[in-house]
Amino acid sequence: MKNQVVYEANFDYEATYERLVRSGIAAVDETGKGLIWVRFKGTKTVFLLSPNGKIQVKWTSPEEKKVLLKILRNLLVPVVGQELTIKPTKQQLFIEYPPPPNFKIYWCEAETEYVKQAEFSPQLKEAVRAAVERQRRELKFLREPTVKEVASAVGKTPEAVRPALYEAAPELGWVEQEEGEVEREAENAINLAGWLKWLKKGEQNSELAKMAEDALKAAPQHTLEMAKRILENSPEIVPEAKPSTSSPWHYAAAGLEWNNETLKAWRRIFKSKPPAPHRSTLWVIPRRY
């Protein structure tokens, strides 16, 4: 049965919008009427959040109804100094004719009525968390494991695993990456790990320092977190920062050099040709007179 519910919550509009965008598990937009439009990836339910603390949602799937409100709640940022509360205020039902036998309308006592109905068990949540961490190591932290990969690892369907994975996403820092962006994000994270490695050494070189500073300023938070994990857990694939060098017959610009381990990991994980070198070199053939 379809039903539309309006909830009231004491969330901070701007801070919540930023957290939803950063979460990586939801498509987020701001409508022309100033509402936050939210749909979690792989689901059909749409939430509309208003600046005055209203949440409007039309539930069409009983399975999504059981878990999505809980996931959204974990991403709402409460008003400073307050504890987050969510309560239903209005409900509209869409009933097909003829109505079901012995039809009755039940009003939930609070938002916990939906929270209690979440079907995934604590054991499944722990299995999902463990699978994500294990697969991240296998993938050298170059990309996030997909919902299908996590589901395969725990022996469940993607539909059964997705709610548990989405709920754990803020804690794990996991995001559902867009297919066309995975390699680009991995390339940026590898290079960022190289700049973090060089900064950690404390070496002095104005050219490299400027390049590292620019890279850090331009990096999204999720890419920065990926770079930190790569540096900490897979140091063998982190490129080296090299200053510019020159001689009468050779010139190499300042930049990062990917080593053989980096190239091998890229080919194994992405099954594609690694990106072009990020440190250009030029060989000069002396002229013979």
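Residues numbered from 1 in each chain as written. Predicted model: local features only at pLDDT ≥ 70, side-chain atom pairs only at ≥ 80, totals over all residues. Heavy atoms only, no water.

1. Structural notes on unusual backbone geometry
Consideration 1: Not every positive phi belongs to a glycine, and Lys-140 is a case in point at roughly 60°.
Consideration 2: Mapped onto the elements, Lys-140 comes out in the loop between helix H4 (122-138) and helix H5 (147-154).
Consideration 3: Phi at Phe-141 takes a positive value of approximately 65°, unusual for a residue other than glycine.
Consideration 4: On the basis of relative accessible area, Phe-141 is assigned to the buried category, the value being 7%. (Helix = DSSP H or I, 4+ residues; strand = E, 2+ residues; numbered from the N terminus. Buried < 20%, exposed > 50% of the residue type's maximum accessible area, 1.4 Å probe, protein only.)

2. Things to note about a negative patch on the surface
Consideration 1: A cluster of like negative charges, contributed by Glu-14, Glu-18, Asp-29 and Glu-30, occupies part of the molecular surface.
Consideration 2: Mapped onto the negative patch, the elements with two or more residues apiece are helix H1 (13-23) and strand E2 (26-30).
Consideration 3: One can find Asp-29 in strand E2.
Consideration 4: According to the relative accessible area criterion, Asp-29 is partly exposed, its value standing at 45%. (Patch = residues over 30% accessible without salt bridge, like charges linked within 9 Å, V, L, I, M, F, W, Y side chains within 5 Å. Areas by Shrake-Rupley, 256 points an atom, 1.4 Å probe, with all protein chains shown as cover. Salt bridge = Lys/Arg side-chain N within 4 Å of Asp/Glu carboxyl O. Lys, Arg positive; Asp, Glu negative; His and termini not counted. Charge placed at Lys NZ, Arg CZ, Asp CG, Glu CD.)

3. Looking at the pattern of salt bridges
Consideration 1: Inspection of every chain in the model, using the stated rule, returns 18 salt bridges.
Consideration 2: Between Glu-167 and Lys-125 there is a salt bridge, with its nearest N and O atoms 3.9 Å apart. Here Lys-125 lies in helix H4 and Glu-167 lies in helix H6 (residues 158-172), a separation of 42 residues in the sequence.
Consideration 3: Linking Glu-240 and Lys-197 is a salt bridge whose minimum nitrogen-to-oxygen distance equals 2.5 Å.

4. Observations regarding the nonpolar core
Consideration 1: In terms of nonpolar packing, the biggest core is built from 40 residues, with Phe-40, Phe-47, Leu-49, Ile-55 and Trp-174 touching the most fellow members.
Consideration 2: Counting residues per element, this core draws most heavily on H6, which supplies seven residues.
Consideration 3: Non-local contacts of Leu-49, meaning those with residues more than four positions away in its chain, are made with Phe-11, Tyr-13, Thr-16, Leu-20, Gly-34, Leu-35, Ile-36, Val-38, Lys-54, Ile-55 and Leu-76.
Consideration 4: Listed in part, the 21 residues of the second largest apolar core include Ile-190, Leu-192, Leu-224 and Ile-237. (Core = buried A, V, L, I, M, F, W, Y, C linked by side-chain atoms within 4.5 Å. Contact = heavy atoms within 4.5 Å.)

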